[in-house]
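# Residue-level structure breakdown
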Amino acid sequence: MNYKNAILKLKKEKNAILLAHFYQIPEIQNIADYVGDSLGLAQKASEANVDIIVFAGVHFMAETAKILNPGTKVLLPDLEAGCSLADSAPLDEFLAFKANYPDYIVVSYINTTAAIKTVSDVICTSGNAVQIVDSFPKDQKIIFAPDRNLGGYVNRVTGRNMVLWNGACEVHDILTVESIIKLKEENPEAKLIAHPECQAPILELADFVGSTTGLLKYTHQSNSKKFIVATETGILHQMRKDSPDKEFLIVPTNETCSCNDCPYMKLNTMEKLYLALKNEQPEIIMEPAVMKKAKKPIDKMLDISRKMKLI
Ligand code: 13P
Ligand code: SF4
């Protein structure tokens, strides 16, 4: 079956839009109406004026799309497409932790469940975390959840001392500084670019740290011809498309697994995408009260981002 043509036809017939994250397989990225990072995807979802949003990404992203556009049917081709960061912060454990810090506000990374968003003051993404945190007075006490690597990075950049929830992304957290140093020695002319979900020693070595959109823009604008890319492999597709004359080296994990492929992002396939559009299932269904409460901190993030011209 020609899934590409079938998906494009269904998309038109059903007045649907396909939003895809940069970590999706190239075939999906190639037919998406928009490919982006979490911030760009949230913004597109909030503005979409369609009957159906098909989200080629992971659960928290589709959930965010539903919260921002509650009147639209949101489909996720595989409901098992979760996220280790979102899973690392169960609501009951997080509330117990939060109770230790009564006068703190909560800044949550968008990679969280809607339940965590309902108890957060503002959401951030890797594309705006520094600016969101810096929109608060320097003496504001802050809990940052759930990514200890991103939180630590923001602490270093802003000179703050936010309390960090101890979560991590299973894909970025296993990249080692040793393998990067080896690659740098073999390719001394290459620039090292890293996603802020990587561990501190990698971020400290990096020439540039940013969200997937930020990394892509950097490779496009840089005069350098070679890059060591410390993030998930999916982003290489757009980097190669955007800059065909440049070389991109992915940080190796080990010989037996492609551990820097996100196992959740890669659950989406062309077949599942086709079936989702055909059957209008699996659909993201949420409790209206949860959606309403979770929307507040996301709207706050979008407002700050607009004011700062980040979107
Ligand atoms: P970005 O918002 O930078 O695309 O990151 C999303 C993500 O899940 C990274 O692992
Ligand atoms: Fe979650 Fe990591 Fe996968 Fe991103 S790469 S969706 S943070 S598990």
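Below: a short report on this structure. Everything quoted here is computed from the prediction, not taken from an experiment.

Looking at where Lys117 falls in the secondary structure, it is placed in helix H7 (residues 114-118). Glu63 provides the closest opposite charge to the buried, unpaired Lys117, separated from it by 5.2 Å.

Strand order across the open sheet formed by four strands is S6-S5-S7-S8, with parallel pairing between neighbours. Each having just a single partner strand, strand S6 (122-124) and strand S8 (163-164) make up the two edges of the open sheet. Pairing geometry for strand S7 (residues 142-145) and S8, over two bridges, is parallel. Residue pairing in the sheet places Phe144 in a bridge with Leu164 of S8. Helix H6 (residues 91-98) contacts strand S5 (105-109), S7 and S8 of the sheet and is inclined by roughly 160° relative to S7.

With that settled, the discussion passes to unusual backbone geometry. Residue Ala145 is joined to Pro146 through a cis peptide bond whose omega torsion reads -10°. You can see Pro146 is positioned in the loop between S7 and helix H9 (148-158). Cis geometry marks the peptide bond from Gln281 to Pro282, where omega comes out at -10°. Its place among the elements puts Pro282 in the loop between helix H14 (270-279) and helix H15 (288-307). Within the chain, Glu280 stands out as a residue other than glycine whose phi angle is a positive 55°.

On to the site of ligand 2, then. Around ligand 2, the neighbouring residues are Tyr23, Val58, Cys83, Ser84, Leu85, Asn111, Cys169, Val171, Glu197, Cys262, Tyr264 and Met265. Under a 2 Å grid-point criterion requiring more than half of the atoms, the pocket assigned to ligand 2 is the largest cavity. Here the residues of the shell around ligand 2 sort into nine nonpolar, two polar and one charged.

Consecutive side chains of a regular strand alternate in pointing toward one face of the sheet and then the other. Counting buried positions along S5 yields five of five residues, so the element is predominantly enclosed. Because side chains alternate across S5, one face comprises the buried residues Ile105, Val107 and Tyr109, and the other comprises Val106 and Ser108, equally buried. In this structure, S5 lies alongside S7, joined through four bridges in parallel fashion. From the neighbouring strand, Ile105 faces S7, where its bridge partner is Ile142. Where S5 meets S6, three bridges bridge the pair, whose relative direction is parallel. Each residue of the ladder has a partner; that of Tyr109, found in S6, is Cys124.

Quick look at the site of ligand 1 now. Taken together, His21, Tyr23, Asp37, Ser38, Tyr109, Asn111, Ser126, His172, His195, Glu197, Ser211 and Thr212 make up the full set of residues adjacent to ligand 1. Taking His195, its side chain carries an N or O atom lying 2.8 Å from an oxygen atom of ligand 1. Given that more than half its atoms are within 2 Å of the pocket grid, ligand 1 belongs to the largest cavity. Its residues assigned to classes, the shell around ligand 1 comprises two nonpolar, eight polar and two charged.

Definitions and cut-offs
Residues numbered from 1 in each chain as written. Chains lettered and ligands numbered in written order. Predicted model: local features only at pLDDT ≥ 70, side-chain atom pairs only at ≥ 80, totals over all residues. Heavy atoms only, no water. Helix = DSSP H or I, 4+ residues; strand = E, 2+ residues; numbered from the N terminus. Buried < 20%, exposed > 50% of the residue type's maximum accessible area, 1.4 Å probe, protein only. Lys, Arg positive; Asp, Glu negative; His and termini not counted. Salt bridge = Lys/Arg side-chain N within 4 Å of Asp/Glu carboxyl O. Pairing = 2+ DSSP bridges. Contact = heavy atoms within 4.5 Å. Axes fitted to C-alpha atoms, helices over the stretch in contact; angles between N-to-C directions. Near = heavy atom within 4 Å. 1 Å grid on protein atoms, 1.4 Å probe; cavity = no way out; pocket = protein on both sides within 12 Å on 5 of 7 lines; lining within 4 Å. Sits in = over half its atoms within 2 Å of the grid points. Nonpolar A, V, L, I, M, F, W, Y, C, P; charged D, E, K, R; others polar. Polar contact = N/O pair within 3.5 Å; in protein donor to acceptor, adjacent residues only side chain to side chain.

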